[in-house]
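What follows is each chain in one-letter form.
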Amino acid sequence: MADTAEKDDVEIAEQGKQLELITGRQTAAILMLLFNDEEAAQILERLEPHEVEALGEAMFSVANVDATQIDGSLDRFLLLTMNQTMLSYKSDEKVSRVFRKALGTSRAETIMNRFAPKRPSNIAEMLKWIPAKDIAHLITSEPPQISAVLMSFLTPEVAAETIELLPSEIQADLIYRVATLGPVSGKALAHIQALLENTTPSEADTVPPMEVGGVLDSATIINNLPKERGRSLLKELMKRDKITAKLIEDEMFIFADLMNLNKKDIGSVVRKIDASILVPALRGAPNNLKAKIFGAMSKRAAETIQDDMAEAPPQPMDAVIAAQKAIIAVAKVMLDNGEINIAGAGADYV
């Protein structure tokens with residue numbers, strides 16, 4: 001009897017080890033194989049290209065799983081989904097419908113562009129599935145302004161990869177056009193969508209206008225380029241339009257980039273900042289950055305700032321952003337003077 005119990009314990013332990021070897025990706029793959037073809041296809045069409053590739057690879061890897069591993073995957077899935085709600089599902093579409101019904105399409109788009117996150121579009125979805133080399137070919141055959149709109153729908157990584165594939169003489173111009181884009185008409189968007197679908201746009205195609213591009217988009221593209229190329233493009237932009245280039249440069253080095261400073265250099269920056277600026281700036285900072293900054297200060301100074309933050313009334317977001325920009329300005333001067341060094345985004349451009 002004791003031998004049987006011991007054997008059972010060994011089997012249970014072995015099953016536990018097998019379950020530990022099943023990753024979250026493999027769990028998803030097992031579930032996909034349990035669905036019928038139509039259900040699995042409906043799930044796949046909602047995934048990003050890299051997710052489809054990863055899931056497809058995992059589905060091949062779990063072909064020989066046993067019943068214990070399947071049961072474990074189902075248990076894990078149920079555990080993860082027990083506390084999930086459907087409130088966020090297509091909430092952006094719900095908000096858009098309500099605003100359009102209340103204000104009309106044009107006014108709703110204008111208002112929502114001020115506060116809504118950048119919403120995915122058919123154009124962005126289609127571009128996700130097109131290799132960078134094909135996008136580059138498409139851009140070289142389209143008018144510059146249409147090319148800039150196309151670039152604004154790409155992820156920063158793909159946009160940077162595409163820029164590198166383009167002739168060097170048009171790279172700076174394209175980044176400049178992305179930075180200075182504004183509202184794009186529905187007609188232009190319908191043209192681009194038809195271009196990607198290889199169809200002809202008709203008058204019946206109704207695409208709402210959209211605000212695209214901006215200096216932040218250009219800054220993130222440059223930050224994803226090799227540093228030497230990014231520096232060169234920024235210099236070209238400075239020659240063309242110093243104000244726009246400066247705005248791009250400002251977006252390339254943001255408050256969160258202070259995380260890339262070492263403890264000694266963060267301390268050097270903070271010592272030059274008055275408490276009246278540091279308090280509101282830290283009110284809007286992520287916890288890990290706050291911890292790093294407090295860790296670079298003396299215990300007494302950190303406690304004083306923390307007490308001031310606790311006692312200060314709520315700060316307007318404009319005041320928080322202005323305080324953070326003031327600290328960035330000090331850090332930039334120190335970088336230019338070689339007083340501090342930074343590794344990461346914006347390091348070679350300030």
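Residues numbered from 1 in each chain as written. Predicted model: local features only at pLDDT ≥ 70, side-chain atom pairs only at ≥ 80, totals over all residues. Heavy atoms only, no water.

**Thoughts on the overall build of the protein chain**
Basically, it comes down to this: Under the DSSP-based scheme used, a helix requires at least four consecutive residues in state H or I and a strand at least two consecutive residues in state E, with every element numbered from the N terminus. Any residue under 20% of the maximum accessible area for its type is buried, any over 50% is exposed, and the rest in between are partly exposed; the area is computed with a 1.4 Å probe on protein chains only. We get accessible surface area from the Shrake-Rupley algorithm with a probe of 1.4 Å; when it comes to residues, only the shown protein chains can shield them.
The helix and strand tally for the protein chain stands at 21 helices and two strands. Sorting the 350 residues of the protein chain into buried and exposed places 35% on the buried side. Element-wise, carbon and sulfur atoms account for 56% of the exposed surface of the protein chain, whose accessible area totals about 21200 Å².

**Focus: the side chain of Q324**
Convention followed: Residue contacts follow a heavy-atom distance rule, with two residues in contact if any of their heavy atoms lie within 4.5 Å.
Positionally, Q324 belongs in helix α21 (residues 317–336). In this structure Q324 comes out as buried when scored by relative accessible area, which is 14%. Those residues in contact with Q324, other than ones at most four positions away along the chain, are F255, A281, G284 and A285.

**Points about the pattern of salt bridges**
Operational definition: Salt bridges are identified by distance alone: a Lys or Arg side-chain nitrogen within 4 Å of an Asp or Glu carboxyl oxygen.
Counted according to the given criterion, the structure contains ten salt bridges. With a shortest N-O distance of 3.5 Å, D134 and K133 are connected by a salt bridge. In this structure K133 comes out as exposed when scored by relative accessible area, which is 57%. Between R177 and D173 there is a salt bridge, with the nearest N and O atoms lying 2.9 Å from each other. Here R177 pairs with D173, and both are found in helix α12 (residues 168–179), just four residues apart, close to one helical turn. The network of salt bridges with shared partners includes K246, E249, D250 and K332.

**Comments concerning the nonpolar core**
Put simply, the rule reads: As used in this record, nonpolar core signifies buried Ala, Val, Leu, Ile, Met, Phe, Trp, Tyr and Cys residues forming a set joined through side-chain atoms within 4.5 Å.
With 41 residues, the main nonpolar core has L127, M151, F153, I163, I175, L237 and I248 as its most contacted residues. Counting residues per element, this core draws most heavily on α12, at six residues. Residues contacting L127, with those up to four places away along its chain left out, are I135, L150, F153, L154 and L196. Counting residues in each nonpolar core, the second largest holds 29 residues, with L282, I293, A331 and L335 among its members.

**Things to note about the packing of helix α18 (residues 275–283) against helix α20 (residues 299–311)**
Spelled out, the test is: Angles here are taken between N-to-C directions and fall from 0 to 180 degrees, while the axes themselves are lines fitted to C-alpha atoms, restricted in helices to the stretch in contact. For classification purposes, angles smaller than 35 degrees are called roughly parallel, those larger than 145 roughly antiparallel, those between 65 and 115 roughly perpendicular, and all remaining angles oblique. Two helices cross in a left-handed way if the nearer one is turned anticlockwise from the farther one by less than a right angle. They cross in a right-handed way if the turn is clockwise. Under the scheme applied, nonpolar residues are Ala, Val, Leu, Ile, Met, Phe, Trp, Tyr, Cys and Pro; charged residues are Asp, Glu, Lys and Arg; polar residues are all the others, including Gly.
Put simply, α18 and α20 touch, their axes get as near as 10 Å, and they point 65° apart. One finds that α18 runs roughly perpendicular with respect to α20. Every pair of crossing elements has a handedness; the one defined by α18 and α20 is right-handed. Packed against α18, whose contacting residues are A275, L278, V279, L282 and R283, the element α20 presents I305, D308 and M309 at the interface. For the contact of α18 with α20, a count of residues per class yields six nonpolar, no polar and two charged.

**Quick notes on empty space enclosed by the protein**
Applicable threshold: A cavity here means a set of points on a 1 Å grid, drawn over the protein atoms and nothing else, where a 1.4 Å probe fits but cannot get out; a pocket is an open set with protein on both sides within 12 Å along at least five of seven lines, and a residue lines either one if it has an atom within 4 Å of a point. Grid points are joined across faces, edges and corners, and a volume is the space filled by probe spheres set on the points.
Under the defined criterion, the tally for this structure stands at one cavity of 30 Å³ or more. For the largest cavity, the full set of lining residues is F255, L258, L261, I266, V269, V270, I273, L278, I293 and I327. Among the elements that line the lining of the largest cavity, the one with the most residues is helix α17 (residues 263–270), at three residues. For the lining of the largest cavity, the per-class residue count stands at ten nonpolar, no polar and no charged.

**Comments concerning the environment of M259**
Relative to the elements of secondary structure, M259 occurs in the loop between α16 (242–252) and α17. Overall, M259 belongs to the partly exposed group, its relative accessible area being 27%. Separated by 33 residues in the primary sequence, M259 and K292 place their C-alpha atoms 7.4 Å from one another. Once you skip the residues sitting within four places of it in the chain, M259 turns out to touch N288, L289 and K292.

**Here we look at the confidence of the model for the protein chain**
Heads up, the rule is: Confidence of the predictor at the level of single residues is captured by pLDDT, which takes values from 0 to 100.
Averaged over every residue, the pLDDT of the protein chain is 79; the share at 70 or more is 78%. For the protein chain, helix α1 (residues 2–21) is the element with the lowest average pLDDT, namely 47, and α12 is the one with the highest, namely 94. Every residue in residues 7–20 scores below 50 in pLDDT, and together they form seven contacts with partners more than four places removed in sequence or on other chains.

**A few points about the environment of Q171**
Here is the rule: For this analysis, a polar contact is any N or O atom pair within 3.5 Å, provided that within protein one partner can donate a hydrogen and the other can accept it, and provided that sequence-adjacent residues contribute only side-chain to side-chain pairs.
Residue position: Q171 is located in helix α12. When near neighbours in sequence (up to four residues on either side) are disregarded, Q171 contacts I163, E164, L166, R229 and L233. Within the structure, Q171 has its side chain in polar contact with the backbone oxygen of L166 (distance 3.0 Å). Among the polar contacts listed, one links the side chain of Q171 to the side chain of R229, at a separation of 2.8 Å.

**Observations concerning the environment of V279**
With respect to the secondary-structure elements, V279 resides in helix α18. When the C-alpha positions of V279 and A312 are compared, they lie 8.3 Å apart, and in sequence the two are 33 residues distant. When residues no more than four places from it in sequence are discounted, the contact partners of V279 are I305, D308, M309 and A312.

**A look at helix α10 (residues 144–152)**
Buried residues dominate α10, accounting for seven of its nine residues. Buried within α10 we find I146, S147, A148, V149, L150, M151 and S152.

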